[in-house]
Amino acid sequence: QVQLVESGGGLVQPGGSLRLSCAASGNIFSRYDMSWYRQAPGKQRELVATITSGGTTNYADSMKGRFTISRDNAKNTVYLQMNSLKPEDTAVYYCRARRLPEYYWGQGTQVTVSS
């Protein structure tokens, strides 16, 4: 069992930056592929970025060049650095841990981009 706790969300102006964190319980964090998803009101949850257990990263096209996912296995934490934020980035951001067949989700953190 893995528990995930996201933090770092909030209100930011367009063009601003935020760094989200997702802290995981357990001692085998390094074996999980970690992802960030987001869900805007009235929309389906979508993948933002993934970092594998081996450190390979992948991004949704609309986030490439603006968002950076990273992990610190010593701290059992995955991060999402978000730059050049736009109003359309407003959503609840969720962390997910995957090690098939297991999936675990965090409770989400709200990001609002508005002037």
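We now turn to the structure provided with this report. Quantities reported herein were computed from a predicted structural model and do not represent experimental measurements.

1. So, the sheet that holds strand E7 (residues 67-72)
Here is step 1: The sheet built from four strands is open, its strands ordered E1-E3-E8-E7 with antiparallel pairing. Single-partner strands in this sheet number two, and they are strand E1 (4-7) and E7. Adjacent strand axes in the sheet meet at a mean angle of 15°, parallel and antiparallel pairs treated alike.
Here is step 2: One ladder, built from four bridges, connects E1 with strand E3 (residues 18-24); its direction is antiparallel. For Leu 4, the partnering residue across the bridge sits in E3 and is Ala 24.

2. Thoughts on the nonpolar core
Here is step 1: Grouped together as the largest cluster of nonpolar side chains are 30 residues, with contacts concentrated most on Leu 4, Met 34, Trp 36, Val 78, Leu 80, Met 82 and Tyr 93.
Here is step 2: Those elements giving two or more residues to this core turn out to be E3, strand E4 (33-39), strand E5 (46-51), E7, strand E8 (77-82), strand E9 (91-99) and strand E11 (109-113).

3. A short note on the pattern of salt bridges
Here is step 1: Scanning the model with the defined rule gives five salt bridges in all.
Here is step 2: Measuring nitrogen to oxygen at the nearest pair gives 2.9 Å for the salt bridge that ties Arg 38 to Asp 89. Of this pair, Arg 38 sits in strand E4 while Asp 89 sits in the loop between E8 and E9; the two residues are 51 residues apart in sequence, bridging distant segments of the chain. Each member of the pair Arg 38 and Asp 89 is classed as buried.

4. Details of the environment of Tyr 104
Here is step 1: Mapped onto the fold, Tyr 104 is located in strand E10 (residues 102-105).
Here is step 2: Taking relative accessible area as the criterion, Tyr 104 reaches 13% and is therefore assigned buried.
Here is step 3: With 100 residues separating them in the primary sequence, Tyr 104 and Leu 4 have C-alpha atoms 7.5 Å apart.
Here is step 4: Setting aside residues no more than four positions away along its own chain, Tyr 104 makes contact with Gln 1, Val 2, Leu 4, Tyr 32, Cys 95, Arg 96 and Ala 97.
Here is step 5: Within the local environment of Tyr 104, its side chain forms a polar contact with the side chain of Glu 102, the two groups lying 3.1 Å apart.

5. Observations concerning the packing of aromatic side chains
Given two aromatic rings, one states the distance between the centres and the angle between the planes to describe the pair.
Here is step 1: Here the structure, examined in full by the defined rule, presents two aromatic pairs.
Here is step 2: Ring geometry for Tyr 37 versus Trp 105: centroids 5.0 Å apart, planes at 65°, classification edge-to-face. Linking Tyr 37 in strand E4 with Trp 105 in strand E10, this pair joins segments that are 68 residues apart in sequence.
Here is step 3: In this structure, Arg 71 packs its charged tip against the face of Phe 29, placed 4.7 Å from the ring centre.

The rules behind the values
- Residues numbered from 1 in each chain as written.
- Predicted model: local features only at pLDDT ≥ 70, side-chain atom pairs only at ≥ 80, totals over all residues.
- Heavy atoms only, no water.
- Pairing = 2+ DSSP bridges.
- Helix = DSSP H or I, 4+ residues; strand = E, 2+ residues; numbered from the N terminus.
- Axes fitted to C-alpha atoms, helices over the stretch in contact; angles between N-to-C directions.
- Core = buried A, V, L, I, M, F, W, Y, C linked by side-chain atoms within 4.5 Å.
- Buried < 20%, exposed > 50% of the residue type's maximum accessible area, 1.4 Å probe, protein only.
- Salt bridge = Lys/Arg side-chain N within 4 Å of Asp/Glu carboxyl O.
- Contact = heavy atoms within 4.5 Å.
- Polar contact = N/O pair within 3.5 Å; in protein donor to acceptor, adjacent residues only side chain to side chain.
- Phe/Tyr/Trp six-rings, centres within 6.5 Å; stacked < 30°, edge-to-face > 60°.
- Lys NZ or Arg CZ within 6 Å of the ring centre and 35° of its normal.

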